[in-house]
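Chains, contacts and geometry: an overview
Next come the chains, spelled out residue by residue.
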Amino acid sequence: MSLWTYLTGILVALVILVTVVQMMRHGRLRERHAIWWLVGGVLILIVTIFPATLEFVAGVLGVAIPINLSLFLAVGVLALLALQHSSEITSHEKKLRVLTEEVALLKQRLEESNTGAASAGRPGRVGRTPAVKKTSRRS
Amino acid sequence: MGSSLQPTLIVIPAFNEEESIGAVLTEVRRHLPDTDIVVISDGSMDATAAIVRQQGYRVIELPINLGVGGAMRTGFKFALRNGYQSVVQLDADGQHDPSLVPQLVKELDQADIVIGSRFAGVGDYAVRGPRKWAMGFLSWSLSKICHTPLTDTTSGFKALSLKALTVFENNYPAEYLGDTVEALVIAARAKLIVREIPVTMRKRLAGQPSHNGLRSMIQLARALMALFFGLMRPIDATRGLS
């Protein structure tokens, strides 16, 4: 391995780590999401500085070609990240749905209190809107 | 509360139904002059909400399209917070006959969910091919799950009791077919009593049927998913999810 290849590898690892840390500093990446990128970045840094570590671990695990181990780990980490993101999108959609419903209900209530009885459930009937009950909210 | 003898709220979910909503409201008023109505405009971009307001009815406008499940859950919340005892879901496309609402509500004496079925004898509504098989399979399995003969599990013409509303308030699926198939599974697991009564279904005043042709196979697959996910949910999820 040439010195050039060696240095390029280290440089890439450093760029990843610096980018992630910068994003965290500026609040564009939360710790819970950054952790996997940091772990990945540190691993890449170790392996690029000491290529022997990859060969050693591959040997211990019985992986014939060390680079396959790194590719396998990379795919594994990315797959887990994708799953985590899908799960978070789901949870966001659920929250968004609740908020959408609440906003619509509040807007209707506001309209009703602004226009008085004009928007009761039936036209031509005044004040037939049932009293608004206070309900305790969960979630 | 001026209308304690009329504790039923008609909830009409509407997504871009400006062509039919006016006529539907007029018809509901003619048959049920004493029943409260709320239209949930599900992110409509046309004049749906304006027409409802113009006719003097309440409209709740969802700023984002949530699907029928989301629209109905908003209606359930509205009903519960305003002291209604039951909800009847009526489609905005005019295929449900509002004169049948009292029948559905009456049946709530013995059940928590009453479904107006298109296939239980009255009327001439019919489907063919894969869609028929899909609906047949759904009916068969949901009949088993709900311990009652059900012939039309995807009907959007339903009455719900207070108990059903409380179960669904925080836990009504927004997924495709979630508001019909999966909701029935949730109902069964929450020990709600489900019944169906025959209704006549009419032609839509406007709009296309939600599914046709080749989409039937996809519909079947998604219906099966809705069914299995409903069954696979942890039992706690049937109470106070989210």
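Everything below is about the structure shown above.
Residues numbered from 1 in each chain as written. Chains lettered and ligands numbered in written order. Predicted model: local features only at pLDDT ≥ 70, side-chain atom pairs only at ≥ 80, totals over all residues.

What follows deals with unusual backbone geometry. What is expected of a backbone is that most residues other than glycine have negative phi and most peptide bonds are trans. Residues and elements named next belong to chain B. In the Ramachandran plot, asparagine 16 falls in the positive-phi region, its phi being about 50° despite a non-glycine side chain. In this structure, histidine 147 is a non-glycine residue whose phi angle is positive, near 55°. With respect to the helices, strands and loops of the structure, histidine 147 is situated in the loop between α5 (129-146) and β6 (158-161). With 10 C-beta atoms packed within 10 Å, histidine 147 lands in the exposed category. (Helix = DSSP H or I, 4+ residues; strand = E, 2+ residues; numbered from the N terminus. Buried ≥ 20, exposed ≤ 12 C-beta atoms within 10 Å, placed from the backbone.)

So, on to the sheet that holds strand β4 (residues 86-89) of chain B. Residue and element names in this part refer to chain B. The mixed open sheet is built from seven strands, whose spatial order is β3-β2-β1-β4-β6-β5-β7. Each having just a single partner strand, β3 (58-62) and β7 (194-198) make up the two edges of the open sheet. With direction set aside, neighbouring strand axes in the sheet form an average angle of 20°. Each of β4, β5 (113-117) and β6 is contacted by helix α6 (residues 162-169), which is oriented at about 90° to β6, the strand it contacts most. (Pairing = 2+ DSSP bridges. Axes fitted to C-alpha atoms, helices over the stretch in contact; angles between N-to-C directions. Contact = placed C-beta atoms within 7 Å.)

Residue and element names in this part refer to chain B. In this structure, leucine 25 sits in helix α1 (residues 21-31). We classify leucine 25 as buried; it has 23 C-beta atoms within 10 Å. Leucine 25 sits 201 residues away from alanine 226 along the chain, and the two C-alpha atoms are 32 Å apart. Apart from residues lying up to four places away in sequence, leucine 25 is in contact with Ile37, Val52, Gln55 and Tyr57.

Moving on: helix α7 (residues 178-189) of chain B. Residue and element names in this part refer to chain B. Within α7, 11 of the 12 residues are buried, leaving the element largely enclosed by the surrounding structure. By the burial criterion, the buried members of α7 are Gly178, Asp179, Thr180, Val181, Glu182, Ala183, Leu184, Val185, Ile186, Ala187 and Ala188. Phi turns positive, to about 65°, at lysine 191, one or two residues after α7.

Let us now look at the pairing of β6(B). All names here are of chain B. Residue alternation in β6 divides its side chains into two sets, Lys158 and Leu160 and Ala159 and Ser161, and both sets are buried. Across four bridges, β4 lies against β6 in antiparallel orientation. Residue pairing across strands places glutamine 89 opposite lysine 158, the latter belonging to β6. Alignment of β5 against β6, held across three bridges, turns out to be antiparallel. Looking across to β6, one finds that isoleucine 115 is bridged to lysine 158.

Residue and element names in this part refer to chain B. Across its 15 residues, helix α3 (residues 67-81) extends 22 Å between first and last C-alpha, which sits within 8% of the 21 Å expected from 1.5 Å per residue. Counting buried positions along α3 yields 13 of 15 residues, so the element is predominantly enclosed. Within two residues after α3, glycine 83 carries a phi angle of roughly 80°, on the positive side. (Expected span 1.5 Å × (residues − 1).)

Our focus in this paragraph is the packing of α3(B) against α6(B). Residues and elements named next belong to chain B. α6 packs onto α3 with a crossing angle of 125° between their chain directions and a minimal axis gap of 9 Å. One way to sum up the angle between α3 and α6 is to call them oblique. With respect to the hand of their crossing, α3 and α6 are arranged in left-handed fashion. Residues Arg73, Phe76, Lys77, Ala79 and Leu80 of α3 lie in contact with α6, whose contacting residues are Leu165, Phe168 and Glu169. In terms of residue class, the contact of α3 with α6 is built from five nonpolar, no polar and three charged. (Parallel < 35°, antiparallel > 145°, perpendicular 65-115°, else oblique. Left-handed = near helix turned anticlockwise from the far one by under 90°. Nonpolar A, V, L, I, M, F, W, Y, C, P; charged D, E, K, R; others polar.)

Further remarks concern the nonpolar core. Most often, soluble globular proteins keep nonpolar side chains buried together rather than apart. Residues and elements named next belong to chain B. Ranked by internal contacts, the top residues of the largest apolar core, which has 73 residues, are Ile12, Val39 and Ala187. Looking at this core, the element that brings in the most residues is α7, giving seven residues. Not counting chain neighbours up to four residues away, the residues in contact with isoleucine 12 comprise Val24, Ile37, Val39, Ile40, Leu90 and Ala92. (Core = buried A, V, L, I, M, F, W, Y, C linked by C-beta atoms within 7 Å.)

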